[in-house]
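Close look at the chain arrangement
Here's the letter readout for the chains.
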Amino acid sequence: MIVINTQYKKGVLELLILVMVEKKDMYGYELVEAVSKIVDVNEGTIYPILKRLTNEMYFETYTKESTEGPIRKYYHLTVAGKLAKDKQLEEWNKFSKGVNDYLKGCNQNE
């Protein structure tokens, strides 16, 4: 897990969540655990993002019984969510490439 500046984190959490849910429907705490393996986050950070993305129609939700506790609310990526994920991923790739290229150039000049 990488511990990073809060401002960096805010920009990438939504993209990580969209990518993870595209791979498979997930419930909230499952997402918290998955994202936490990549970036240091807690439930209080992830659940507001899930609520906002659901309100923006990027997710549909459904509930499912669990053998390990209460009913779980699962998130499923919609077509709108996939389009948003594709756009954010393209922007992320351009952004990270630009920053990495610049930083590599700075290191060569030392």
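Located above this text is the structure these notes cover.
Residues numbered from 1 in each chain as written. Predicted model: local features only at pLDDT ≥ 70, side-chain atom pairs only at ≥ 80, totals over all residues. Heavy atoms only, no water.

What about the sheet that holds strand β2 (residues 59-66)?
Pairing is antiparallel in the open sheet, where 3 strands are placed in the order β1-β3-β2. The open sheet has two free edges, formed respectively by β1 (26-27) and β2, since each of these has just one partner strand. (Pairing = 2+ DSSP bridges. Helix = DSSP H or I, 4+ residues; strand = E, 2+ residues; numbered from the N terminus.)

A look at the side chain of Ser96
The residue Ser96 is located in helix α4 (residues 79-108) in this model. Overall, the relative accessible area of 18% leaves Ser96 in the buried class. Polar side-chain contacts of Ser96 include one of 3.4 Å to the backbone oxygen of Asn93. (Buried < 20%, exposed > 50% of the residue type's maximum accessible area, 1.4 Å probe, protein only. Polar contact = N/O pair within 3.5 Å; in protein donor to acceptor, adjacent residues only side chain to side chain.)

Details of the environment of Val41
Inspection of the secondary structure assignment puts Val41 in the loop between α2 (28-36) and α3 (43-55). With 28 residues separating them in the primary sequence, Val41 and Leu13 have C-alpha atoms 9.1 Å apart.

As for the pattern of salt bridges
Two side chains that carry opposite charge are able to pair once their charged atoms sit near each other. Across all of its chains, the model carries 11 salt bridges by this definition. In this structure, the salt-bridge partner of Glu14 is Arg52, at a minimum N-O distance of 2.7 Å. Of this pair, Glu14 sits in helix α1 (residues 6-23) while Arg52 sits in helix α3, and the two are 38 residues apart along the sequence. According to the relative accessible area criterion, Glu14 is buried, its value standing at 14%. With its nearest N and O atoms 2.8 Å apart, the salt bridge here joins Lys24 to Glu30. Overall, Lys24 belongs to the partly exposed group, its relative accessible area being 44%. By sharing partners, the salt bridges in this structure join Glu22, Lys82, Lys85 and Asp86 into a single network. (Salt bridge = Lys/Arg side-chain N within 4 Å of Asp/Glu carboxyl O.)

All we've got here are geometric facts, nothing functional implied.
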